[in-house]
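Structure at a glance
What follows is the residue order along each chain.
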Number of protein chains: 2
Amino acid sequence: VGYGDPVDGGSLTRSHAAELDRADPLRRFRDRFEHGDGDRIYVDGNSLGRLSHDARAAIQATVDEWGSRLVTGWHDWVDLAGRAGDALGAAALGAGPGQVLACDSTTVNLYKLAGAALAAREGSIVVPADDFPTDRYVLEGLAAAHGRELRLLEADPVAPLGVDAVAAAADGAALVVLSHVNYRSGALADMAAISRVVQAAGALVLWDLCHSAGAVDVTLDAAGADLAVGCTYKYLNAGPGSPAFLYVAERHQAALRSPIQGWFSQADQFAMGPRYEPVAGIGRFLAGTPPVIGLAAVMAAAEMLAEAGIGAVRSKAAALTALAIDLHDERLAGLGFSLGTPRAAVERGAHVSLRHPDAWPICRALIEQANVIPDFRRPDSIRFGLPPLYTRYTDVWDAVDRLAALVADGVHERMPAEAARVT
Amino acid sequence: VGYGDPVDGGSLTRSHAAELDRADPLRRFRDRFEHGDGDRIYVDGNSLGRLSHDARAAIQATVDEWGSRLVTGWHDWVDLAGRAGDALGAAALGAGPGQVLACDSTTVNLYKLAGAALAAREGSIVVPADDFPTDRYVLEGLAAAHGRELRLLEADPVAPLGVDAVAAAADGAALVVLSHVNYRSGALADMAAISRVVQAAGALVLWDLCHSAGAVDVTLDAAGADLAVGCTYKYLNAGPGSPAFLYVAERHQAALRSPIQGWFSQADQFAMGPRYEPVAGIGRFLAGTPPVIGLAAVMAAAEMLAEAGIGAVRSKAAALTALAIDLHDERLAGLGFSLGTPRAAVERGAHVSLRHPDAWPICRALIEQANVIPDFRRPDSIRFGLPPLYTRYTDVWDAVDRLAALVADGVHERMPAEAARVT
């Protein structure tokens, strides 16, 4: 039984969702995570993924190792950023070894790679006007520092990035920075086609994979991507503020240098010589001492994903979001909702955006009155993130059911409006 | 009984050291750390501090919180970098609230603050020629990017930084970067006097506190320091690669901007508006999502240090290093050693440098044959780091005893020489 097969006479009943759960080949992975939610339905794994038993065990083992081995632990930790990067590359990113590091934050990694690209190439910087804030802010700063134009690409808020629009914007650019999956709409860009047109224009393309790593089958090498960054605390479940990652295609490594010339990127690190000389290979994009305990959770996350298989994860993401979209059409569209996510499975990641003029009070009511945890993105999006490793089809059904009941009852109309909220 | 009082007839016997342990007001803190070393003597806490029960508990509690609260944990985590920074500032740094953040690595923090200083001031950059590599390398990169001269200040390898030498070098500088405690010699700089002469020359001073935070009573506010960075994995015992910290004196915050314009430094972060506008105050020096689990260990470390009192820590550091120096004079000087650390207690931190032409094979023999863990710094230094919270006077005595016996027996002469080693 797959999604789309009629159950209970073809209507979208809960028993249909339950049937999908029973047939789910990833079903056993749910038990690898800690729940204890009671009645809570968590559909915000696209903000912060769940804690797995594996991550907990890896963190504890590394704390034990710190306690017992002390400084001698560095014999194994010194290359952990590269080993965790290789593991992520193989499990989640379609990247061969020696091209990925797990280190720093997404923001710092974006700064390092974009800064390296601008030092190597003349031209402007292009980024979508609605891209995630940290990307735009970092690039605004780099544009000012390097005296470059920052061009904001206006894009359809729901559809995937248009290849032709990116091609036109890339003309005269040094660097084009794009999200693989849009943080608001969930729209998935065509990485291969867009990388080609950016490169044909003479620019480098840098992909932000925050909302695609661990959610869809990213294929950096096969798509010919130049550079990429992303986080590990969403679909990779490595914990709040866990180390991020960066990717630099092997062909570019020798010509690029990080603007942050830290000692972990030095060719002969413990010679502590007088001049900076970056190591050959991906290690030149390290900066300071790597966060060992955090990296242990990244490694555990990569290993679990390798076990599940990114192909199975991607298939389930498509099916979970398809169920959410069909439930939207059947239960929510008549209540003032519209879909903020592409309808074609190949054009979306693992979250859906449910748009409503009262999205903010509805979101608050969902959390406070219905024990459903989604998140809100201005101006009008409620995001349901559906990480395939632990989300059930019945979770999707229950979340929409509670949402529909709440809006039909007008519960949100009795919530106080507030201007700001942290998620 | 304090160090210097004669015991056992005035000779430096082990029972004298044991007497000092019995009288140690910080004695009970040793039991707050995990040991299980057996015969091992650990004198490398200046590379990686020990695991405390407090840090283990804080990490586990935060993992639990991640598992149970999921994204709603951010209501408490969102300002954790500032709260942990304030706690560090009060416990270890002599810094009032709103001036310290715990975040990123020392390297990235140095880059952010030095970059901010160079964007605000014209002039060269000054750094000691023998300063820690990451400082020199980061500044070399910034000097090239900003078109500034990087001036290397030659300094005595054992004595504290000379105030007059720094004053002369600061002429025409925008920024002077100095280590408070030298990583090799352990020499302690006069922060107040040097800050004054740098500022009189029209430059900003940035202090690297990696080897002084948690070891001596740093007094950033009282000394009139401008900027500072440091790590928390040495004397603060927050774990391998734990989050670092940065300090920006309140009077400078409005005029300085981080070159890395991340979303956690944005004035209205979750408005996700079109333009970057840094928040007022220290928060503008954040970049990406803070490492929550690592910050929990930093907070635990700051709380333990506050409980012990930095004054008591500093007094014991002076006494432990005094014992090491006297033992050097009595037991090691005749074996070809010379002292690489200032003899006046006010001129040194919490580690001593024991110099020997065969330092490298001696260091290896100590580790492999005598189960003493120090570290080696080129060209000829064996460092004994003596973190006051858990180091016993008998540890110092035993470590020197084993060292003296080993060198007297010529054990190191039978070790293979090697060119490289990671510590």
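Numbering of residues starts from 1 in every chain and runs along the sequence as written. Labels are handed out in written order, letters beginning with A for the chains and numbers beginning with 1 for the ligands. Only residues with pLDDT of at least 70 get local features here, since the model is predicted, and only at 80 or more are side-chain atom pairs given and counted; chain-wide, interface and lining totals rely on the full set of residues. To obtain the side-chain values, all non-hydrogen atoms of the structure were included, while hydrogens and water were left out.

Let's shift gears to the interface of chain B and chain A. Between two residues, a contact is recorded if the distance between any of their heavy atoms is within 4.5 Å. Chain B puts 72 residues into the contact, and the matching count from chain A is 72 residues. Buried area: the accessible area, evaluated with a 1.4 Å probe, that two parts lose upon being put together, summed over both parts. Across the chain B to chain A interface the summed buried area is about 6,300 Å²; carbon plus sulfur atoms make up 65%. On the chain B side of the interface with chain A, the three residues burying the most area are Trp-66, Tyr-137 and Pro-240 of chain B, jointly 12% of the side's total. Each reported salt bridge corresponds to a side-chain nitrogen of Lys or Arg within 4 Å of a carboxyl oxygen of Asp or Glu. Our count for the chain B to chain A interface comes out at 4 salt bridges. Counted as a polar contact is a pair of N or O atoms within 3.5 Å, where, for protein atoms, one must be capable of donating a hydrogen and the other of accepting one, and residues adjacent in sequence contribute only when both atoms are in side chains. Remark: the boundary between chain B and chain A carries 31 residue pairs in polar contact (both at pLDDT 80 or more). Breaking the side of chain B that touches chain A down by element, the ones donating at least two residues are α2 (53-69), α3 (74-77), α5 (106-120), α6 (133-146) and α11 (292-308) of chain B. Split into classes, the residues belonging to the side of chain B that touches chain A amount to 37 nonpolar, 21 polar and 14 charged. What counts as a helix is a DSSP run of H or I of at least four residues, what counts as a strand is a run of E of at least two, and both are numbered from the N terminus. As a working rule, the residues Ala, Val, Leu, Ile, Met, Phe, Trp, Tyr, Cys and Pro are called nonpolar, Asp, Glu, Lys and Arg charged, and the rest polar, with Gly in that last group.

Take the environment of Tyr-276 of chain A next. Here Tyr-276 of chain A is to be found in the loop between α10 (250-253) and α11 (292-308). The rule is simple: take the accessible area with a 1.4 Å probe, protein chains only, and divide by the maximum for that residue type; under 20% is buried, over 50% is exposed, in between is partly exposed. Judged by relative accessible area, which is 5%, Tyr-276 of chain A ranks as buried. Sequence separation of Tyr-276 of chain A and Trp-263 of chain A is 13 residues, and the distance between their C-alpha atoms is 8.3 Å. Residue contacts for Tyr-276 of chain A: discarding those within four places in its chain leaves Arg-257, Gln-261, Gly-262, Ser-265, Gln-266 and Arg-284 of chain A together with Tyr-137 and Glu-140 of chain B.

This part is about the packing of aromatic side chains. Side-chain rings of Phe, Tyr and Trp, where Trp is taken by its six-membered ring, are said to pair if the distance between their centres is within 6.5 Å; with planes under 30 degrees apart they count as stacked, over 60 as edge-to-face, and otherwise as tilted. Inspection of the entire model under this criterion finds 19 aromatic pairs over all chains. When the ring of Tyr-111 of chain A is compared with that of Tyr-111 of chain B, the centres are 5.6 Å apart and the planes differ by 65°; the resulting orientation is edge-to-face. Placement of the pair is Tyr-111 of chain A in helix α5 (residues 106-120) and Tyr-111 of chain B in helix α5, with the two residues belonging to separate chains. Accessibility assignment for this pair places Tyr-111 of chain A and Tyr-111 of chain B in one class, buried. A centroid spacing of 4.7 Å and a plane angle of 70° characterise the contact between Trp-263 of chain A and Phe-132 of chain B, whose relative ring orientation is edge-to-face. Here the residue Trp-263 of chain A occupies a position in the loop between α10 and α11, and Phe-132 of chain B occupies one in the loop between β3 (124-128) and α6, the pair thus bridging two chains. As far as burial versus exposure is concerned, Trp-263 of chain A and Phe-132 of chain B are alike and both buried.

Turning our eyes to something else, we now look at the sheet that holds strand β12 (residues 375-377) of chain B. Residue and element names in this part refer to chain B. Note: two strands are recorded as paired if DSSP finds a minimum of 2 bridges between them. One open sheet holds the 4 strands; their spatial order is β9-β10-β13-β12, and the pairing between them is antiparallel. In this open sheet, the two edge strands, each paired with only one partner strand, are β9 (338-339) and β12. Sheet topology note: the strand β10 (residues 351-355)/strand β13 (residues 381-385) ladder contains 5 bridges and is antiparallel. Of the residues in β13, the one forming a bridge with Arg-355 is Ser-381.

Another aspect to go through is the pattern of salt bridges. Where charged atoms from two side chains of opposite charge approach closely, those side chains can pair. Under the criterion given, the structure shown has 48 salt bridges over all chains. Of the charged contacts in the structure, one is a salt bridge between Glu-307 of chain A and Arg-28 of chain A, with a shortest N-O distance of 3.7 Å. One end of the pair, Glu-307 of chain A, is in helix α11; the other, Arg-28 of chain A, is in the loop between α1 (14-23) and β1 (41-42), and 279 residues separate them in sequence. Put simply, Arg-69 of chain B and Glu-65 of chain B hold a salt bridge, and the shortest N to O gap is 3.2 Å. Of this pair, Arg-69 of chain B and Glu-65 of chain B are both found in helix α2, 4 residues apart, which corresponds to roughly one turn of the helix. A residue is classified by how much of its surface remains accessible, and Arg-69 of chain B, at 25% relative accessible area, is partly exposed.

Moving on: the environment of Leu-118 of chain A. All names here are of chain A. Among the structural elements, Leu-118 can be located in helix α5. With relative accessibility at 1%, the residue Leu-118 sits in the buried group. Setting aside its immediate chain neighbours within four residues, Leu-118 contacts Ile-125, Leu-142, His-146, Arg-148, Ala-174 and Leu-175.

What follows covers the packing of helix α7 (residues 163-170) of chain B against helix α8 (residues 191-200) of chain B. All names here are of chain B. A fitted line through C-alpha atoms serves as each axis, taken over the contacting stretch for helices, and the angle formed by two N-to-C directions is quoted from 0 to 180°. One way to put it is that α7 packs onto α8 with a least axis distance of 8 Å and a crossing angle of 20°. Between α7 and α8, the angle is such that the two are roughly parallel. Our pair here, α7 against α8, has a crossing hand that is right-handed. In this structure, α7 contributes Val-163, Val-166, Ala-167 and Ala-170 to the contact, and α8 contributes Ala-193, Ile-194, Val-197 and Val-198. In the contact of α7 with α8, the residues fall into 8 nonpolar, no polar and no charged. For classification purposes, an angle smaller than 35 degrees is called roughly parallel, one larger than 145 roughly antiparallel, one from 65 to 115 roughly perpendicular, and anything else oblique. Crossing handedness follows the turn of the near helix against the far one: under a right angle anticlockwise gives a left-handed crossing, and clockwise gives a right-handed one.

It is worth spelling out the sheet that holds strand β12 (residues 375-377) of chain A at this point. Residue and element names in this part refer to chain A. Sheet architecture is open: 4 strands sit in the order β9-β10-β13-β12, paired in antiparallel fashion. Lying at the two open borders of the sheet, with one neighbouring strand each, are β9 (338-339) and β12. In the packing of helix α12 (residues 310-332) onto the sheet, contacts are made with β9 and β10 (351-355), and the angle to β10 comes to roughly 15°.

The next subject is the environment of Gly-89 of chain B. Residue and element names in this part refer to chain B. Within the secondary structure, Gly-89 is located in helix α4 (residues 80-93). Taking the C-alpha atoms as reference points, Gly-89 and Leu-246, 157 residues apart in sequence, are found 9.8 Å from one another. Residues contacting Gly-89, with those up to four places away along its chain left out, are Gly-94, Ala-95 and Val-100.

Another aspect to go through is the confidence of the model for chain A. For every residue, the predictor reports its confidence as pLDDT, a number between 0 and 100. Taken over all residues, the pLDDT of chain A has a mean of 94, while the share at 70 or more is 96%. Ignoring residues within four places in sequence, the model shows residues 419-423 of chain A, a span with pLDDT below 50, making 18 contacts including any to other chains.

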